[in-house]
Amino acid sequence: MMSVWSQRPQFLHLGLFFAAYVLGCGFAQALAIVPGITVSIWPPGGVFIATLVLTSPYSWPWWMLAGCLAEMFAQLVWFHSPIPAGFLIYVGNALGATVGAILVSRVCGRPARLETLQEVLAFVVLGAGAGPLVSATVGSATLAWFGVESQTFAAVWPLFWTGDATGILLVAPLALVVIQSWRRNAQLSAAQRMEAGVLGLIFLGVASLSLSADYLPSPYIIMPPLLWAAVRFEFRGAAIALTILALITMALTISGYSQFVGDPESQREKQVMLQFFLGISAFSALIVAAVSRQHQQALLTLRQSVVALSDRERELSQLVDMVPVQIRRLTPDGNPIFFNKRLLDFLGLNDLTQLDKPHMSRLTAAIRSLVHPDDASLLLDTVHHSLATGEPFSLKYRMRRADGAFRWIDGRGEPVRDHSGAIVQWYVISIDIDDEMRAREAMQHRERQLQQLIDTVPVQIWSVTPGGCPVYINKTMMDYIGLQLGDFDAEGGLPGAIETIIHPDDRAAVVKALNHCFNTGEPFELKFRNRRGDGEFRWTEGRAEPLRDESGRIIRWFGANVDVHDLVTSQEALRDRERALWQLVETLPAMIDCAAPDGEPIYRSQQLRNFLGYQLEELDGTGKSRLTGTLDAGVHPDDVAAVKEQYARCLRSGEPYARRHRLRRFDGEYRWVETRAAPMRDVEGTIVQWNVICLDIDGEVHVQEELRLAQERLARASQSASLAELSASIAHEVNQPLAAVVANSHACQRWLTAKPPNLARAQKTVERIIRDANAAADVVARIRGLFKRSVEPRDNTDLSTIVIEARNLMTEEAARRRVRMDVDVGSGLPLVALDRVHIQQVLVNLIRNGMDAMDAVEGDRVLGVRVRRMGDVVQTEVSDCGAGIAFPDKIFEPFFTTKGNGMGMGLAISRSIVESHGGRLWVEKNDGQGATFAFTLPIKVEATQ
């Protein structure tokens, strides 16, 4: 049911079918000239059968429904028969059309093309002959049953059958052919259109005259122009001509001027004549059109065959000329009669006559002139032998090319024989194989080189069958083991060879590995000891790979043995050294750590693991990196920030790391350690690893602290002793003149109180008092000279030398106190007039004060000394990174000190010395931390009182 619905025709096509069916009924009613017979020729039968032939059987119910509606409409408009009678007549028409369509489709195929005479005849017999038998029988029976116009079955059936047959002949074949022909959109030429116009005028005139009652006596005079149209324009011409003929017949019949209209007694005969006239016209036109079409197809096929044969001949000629083979044809006696174009081009010839030479056959002349002298005689003898025996020949020889170069040719000749076996000609081909020959020579040369390479390469190469039978060993292996390939067979094949050349301790492993590889197809790889020709067993590394065919089956095993004895022994020595080094690292009384380039620990020695009390892997999975976890867990909280900062700086810059800090031991005690790290770099300078050593210096730090405290106590005692000594010296120096002053004063008093006063002696005593007072004043003046300006003899001196001397004086103390001195002296400094000893004392005092300020500083302790010319003075700066100066305004006052054991006189004396040289001494706070002491010295200094 779904197939019937899916094959539903378009409504436009159904409408056209409906219209054609109704118009065909009108045409039939117009030609009904027999009284009591409503039709004479039945075109709807042709429309019906043509439609069923052209469409799918699944769509036939739709066409039958449309035909039924058209029949009922025509009965109502044209025939006025009872509806039951009209329906039964339609049923007969539908059955006749169905039978005819089925028979035509079975014989002519689907869709029926009707392009040959055989197909047209089959359609006429089956469609126009067999189909109307059903429709005529049902229709005649219906008319007789219903008593339409008192017609009997026997009287109506012949007219009914001939009318249906004529309608089918007139419409169905032409409808089929016209629809199929018009789909091709064949265009007529100008001459054909002119011919069609002239033919149409002639056909109209002849048809009008022949079918009218007053002019030509016979209607068949129309046949010549009708057949002309069928011959010249085939089925389309026949269709148009028959359509015009049917229309003229209908028009004349309706008007009463037709030859087929007569009195009622002869009307039945006239109708039969009309049916025969239209049927014969249609049949003749169809037959002639089919014959014409078949003739044209035959002519077209013949022309196509001729063209194809010509094309084939041209293709064969091109093939012979362009095929990459040199082709020649010889007579039975060997005379060349044809060279293809490729051979002529190769030889540089225009035609074969260029090969002719007097007193010499063309064959001999061609071979002598074109073939290499070393190959000409052999080729000539071979060809003559084949010509004499009729045997094919094949030979490789060198032939001269057009440019004079000789190239290798593979020539072959075969005889062509007739039905009696006699040779009628020879065909010879030759192929340029020069590249192949040269490639073969090159391959042979490469094979020799490869063989030499295999025999001289310092690797033992061998090959065995899939079952393990030795088939090849190279010369290197023969020389190494002192055996030939045949010796393996004598020794019992591969098992015997293993027993002969493999160390007894390694034979079982070698046999097991080889058997496993032979059974599984896996590659072989093993180190074993192999016996050399001199009897020494040496370590050898053997490897083998299987060679497989396209199906994956192993066809050969190829192996190579390499002497790795020196490598194995060196590796063993290296492993021994590595074990010794490992033991050294593990037993060294120092804690060793190795880290990746990013600082992440990757190894810790046993000493460090024991100190920390945990394994390195325990830091994984804590959410921190190993480095961060180690520092957070081990470094003292007061030191961890500075340690992380310095670690990060060293990892970024690649500078070595050195620092003292407190590290937590496994028992929870923090101990002082000194950690040093240095980067290990590759040949390109890239850091590949950090090596770290950590020393427990807790005892040393405590000892150094006790030593520092002792030194401070000693310094305070020394200062006290020096002060006492200075006080004693001052007292001694001043005491004598003061004692003399006192004694002389008492003497002067006595001389003045004497009776009478002794003025002369008193005068002398006063002079002595003045002398002794001046002596005491001189002593005090020398002491005051340290704290006031005084004019001392000065030399023009390079200040940079004094700075260097002061640095050298303080180098040992700086190293002891872990202070790095950064001295920067400008170039081209002028000479300065100064007291060398005093200025040196100033520099030493400032440097020592800077070191004292950095005693409490953790991390880098850098003391900078910078000397620059600033206009007309030379400025010297001493900077530290200590805690800074809390009282910069009082620092230069005598006896003011920030040190627990200081006297407060150093900076006061230093300022006094600098000012005595005409300079200035001051202090400034640094931006970060620490302070900078600076003093200037004038380039030109005038003496001051």
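Residues numbered from 1 in each chain as written. Predicted model: local features only at pLDDT ≥ 70, side-chain atom pairs only at ≥ 80, totals over all residues. Heavy atoms only, no water.

## Considering the overall build of the protein
In terms of helices and strands, the protein carries 27 helices and 22 strands. Contacts in the protein between residues far apart in sequence, at least 24 positions, make up 58% of those at least 6 positions apart. Of the roughly 51,600 Å² of accessible surface on the protein, 59% is carried by carbon and sulfur atoms. (Helix = DSSP H or I, 4+ residues; strand = E, 2+ residues; numbered from the N terminus. Contact = heavy atoms within 4.5 Å. Areas by Shrake-Rupley, 256 points an atom, 1.4 Å probe, with all protein chains shown as cover.)

## Thoughts on the packing of aromatic side chains
Taken as a whole and judged by the stated rule, the model has nine aromatic pairs. Members of the aromatic cluster, joined through ring pairs, are Phe17, Tyr21, Phe48, Trp63 and Tyr90. The positively charged end of arginine 328 is found above the aromatic ring belonging to phenylalanine 339, 5.7 Å away from the centroid. Across the ring face of tryptophan 922, the terminal group of arginine 920 is positioned such that the distance to the ring centre comes to 3.9 Å. (Phe/Tyr/Trp six-rings, centres within 6.5 Å; stacked < 30°, edge-to-face > 60°. Lys NZ or Arg CZ within 6 Å of the ring centre and 35° of its normal.)

## Description of the sheet that holds strand β22 (residues 931-938)
Taken together, the five strands give an open sheet; going across it, the order is β17-β19-β20-β22-β21, and neighbouring strands pair in mixed fashion. Strands with a single pairing partner mark the edges of an open sheet, and in this sheet they are β17 (820-825) and β21 (920-925). Here the average twist between neighbouring strands, direction ignored, is 15°. Note: β21 against β22, six bridges, orientation antiparallel. Residue pairing in the sheet places tryptophan 922 in a bridge with alanine 934 of β22. Along the sheet, helix α25 (residues 799-816) contacts β17, β19 (862-870), β20 (873-879) and β22; its crossing angle with β17, the most-contacted strand, is approximately 175°. Across the sheet, helix α26 (residues 836-853) is in contact with β17, β19, β20, β21 and β22; its angle to β22 comes to roughly 170°. (Pairing = 2+ DSSP bridges. Axes fitted to C-alpha atoms, helices over the stretch in contact; angles between N-to-C directions.)

## Focus: the confidence of the model for the protein
Per-residue pLDDT for the protein averages 78, and the proportion of residues at 70 or more is 82%. Counting interchain partners and residues more than four positions distant, the pLDDT-below-50 stretch residues 941-945 has seven contacts. (pLDDT = per-residue confidence, 0-100.)

## Quick notes on the pattern of salt bridges
The final tally for this structure, using the stated rule, is 40 salt bridges. For the salt bridge of aspartate 632 with lysine 644, the shortest nitrogen-to-oxygen distance reads 2.6 Å. With a gap of 12 residues between them, aspartate 632 in helix α21 (residues 626-634) and lysine 644 in helix α22 (residues 640-653) connect regions that are remote in the sequence. Of the residues examined, aspartate 632 reaches a relative accessible area of 33% and is grouped as partly exposed. With a shortest N-O distance of 2.7 Å, arginine 676 and glutamate 674 are connected by a salt bridge. Look at arginine 676 and you get partly exposed, because its relative accessible area is 45%. What emerges from the salt-bridge pattern is a single network uniting Arg532, Asp534, Glu536, Arg538, Asp563 and Asp566. (Salt bridge = Lys/Arg side-chain N within 4 Å of Asp/Glu carboxyl O. Buried < 20%, exposed > 50% of the residue type's maximum accessible area, 1.4 Å probe, protein only.)

## Comments concerning unusual backbone geometry
Note the cis peptide between lysine 755 and proline 756, where omega equals -5°. Backbone geometry at histidine 359 places phi at a positive 60°, although glycine is not the residue there. In this fold, histidine 359 is placed in the loop between α11 (341-347) and α12 (362-370). Judged by relative accessible area, which is 85%, histidine 359 ranks as exposed. Within the chain, arginine 818 stands out as a residue other than glycine whose phi angle is a positive 55°. Relative to the helices and strands, arginine 818 resides in the loop between α25 and β17.

## Regarding the side chain of histidine 565
For histidine 565, the position within the fold is in helix α19 (residues 565-587). Within polar-contact distance, the side chain of histidine 565 engages the backbone nitrogen of tryptophan 539 at 3.0 Å. What histidine 565 contacts, discounting residues up to four positions off in sequence, is Phe537, Arg538 and Trp539. (Polar contact = N/O pair within 3.5 Å; in protein donor to acceptor, adjacent residues only side chain to side chain.)

## Some words on helix α27 (residues 906-916)
Within α27, burial applies to Leu907, Ala908, Ser910, Ser912, Ile913, Val914 and Ser916. Residues of α27 that are buried make contact with α26, β21 and β22. Glycine 918 occupies a position one or two residues after α27 and carries a positive phi of about 85°.

## So, the nonpolar core
Counting 57 residues, the largest nonpolar core has Phe17, Tyr21, Phe48, Ile49, Leu52 and Leu242 as its most contacted members. The biggest single contributor to this core is helix α9 (residues 223-255), with 10 residues. By size, the runner-up hydrophobic cluster in this structure holds 39 residues, among which are Leu829, Leu843, Val865 and Ile913. (Core = buried A, V, L, I, M, F, W, Y, C linked by side-chain atoms within 4.5 Å.)

## With respect to the packing of helix α5 (residues 83-108) against helix α6 (residues 117-146)
Two elements in contact, α5 and α6, have axes whose closest approach is 8 Å; the angle formed by their N-to-C orientations is 160°. Taken together, the axis directions place α5 and α6 in an arrangement best described as roughly antiparallel. For the pair α5 and α6, the sense of crossing is right-handed. (Parallel < 35°, antiparallel > 145°, perpendicular 65-115°, else oblique. Left-handed = near helix turned anticlockwise from the far one by under 90°.)

## Here we look at the pairing of strand β14 (residues 670-681)
Where strand β13 (residues 657-664) meets β14, eight bridges bridge the pair, whose relative direction is antiparallel. Bridging across to β14, histidine 661 finds its partner in valine 673. In this antiparallel pair of consecutive strands, β13 and β14, the connection spans five residues, and glycine 668 shows a positive phi of 95°. Examined bridge by bridge, β14 and strand β15 (residues 687-696) share nine bridges and lie antiparallel to one another. Along β15, the bridge assignment pairs arginine 681 with isoleucine 687. In textbook terms, the turn of a hairpin is the stretch between consecutive antiparallel strands, and for β14 and β15 this stretch comprises five residues, one of which, glycine 685, has a positive phi near 90°.

## Quick look at the environment of tyrosine 670
Among the secondary structure elements, tyrosine 670 is positioned in strand β14. Along the chain, tyrosine 670 and aspartate 698 lie 28 residues apart, while their C-alpha atoms are 9.0 Å from each other. Discounting residues that sit within four places of it in the chain, tyrosine 670 has contacts with Gly634, Val635, His636, Pro637, Arg662, Leu663, Arg664 and Asp698.

## Comments concerning the pairing of strand β4 (residues 406-417)
Where strand β3 (residues 393-400) and β4 come together, eight bridges link them in antiparallel fashion. Looking across to β4, one finds that methionine 399 is bridged to arginine 407. Following β3, the chain reverses through five residues before pairing antiparallel with β4; glycine 404 in that reversal takes a positive phi of roughly 95°. Note: β4 against strand β5 (residues 423-432), nine bridges, orientation antiparallel. In the sheet register, valine 416 faces β5, and the bridge partner there is glutamine 425. The antiparallel pairing of β4 with β5 creates a hairpin that spans five residues between the two strands, and glycine 421 there sits at a positive phi of about 90°.

## Looking at a nonpolar patch on the surface
A contiguous nonpolar surface patch, about 370 Å² in accessible area, is contributed by Met194, Val198, Ile202 and Trp228. With three residues, helix α8 (residues 190-211) is the single largest residue contributor to the nonpolar patch. Note on placement: methionine 194 falls in helix α8. The exposed category is assigned to methionine 194, whose relative accessible area is 61%. (Patch = residues over 30% accessible without salt bridge, like charges linked within 9 Å, V, L, I, M, F, W, Y side chains within 5 Å.)

## A word on the packing of α26 against α27
Running from N to C, α26 and α27 point in directions that differ by 145°, and their axes come no closer than 10 Å. For the crossing formed where α26 meets α27, the hand is left-handed. On the side of α26, the interface is formed by His838, Ile839, Gln841, Val842, Asn845, Leu846 and Asn849, while α27 contributes Gly906, Leu907, Ser910, Ile913 and Val914. Of the residues assigned to the contact of α26 with α27, the class counts are six nonpolar, six polar and no charged. (Nonpolar A, V, L, I, M, F, W, Y, C, P; charged D, E, K, R; others polar.)

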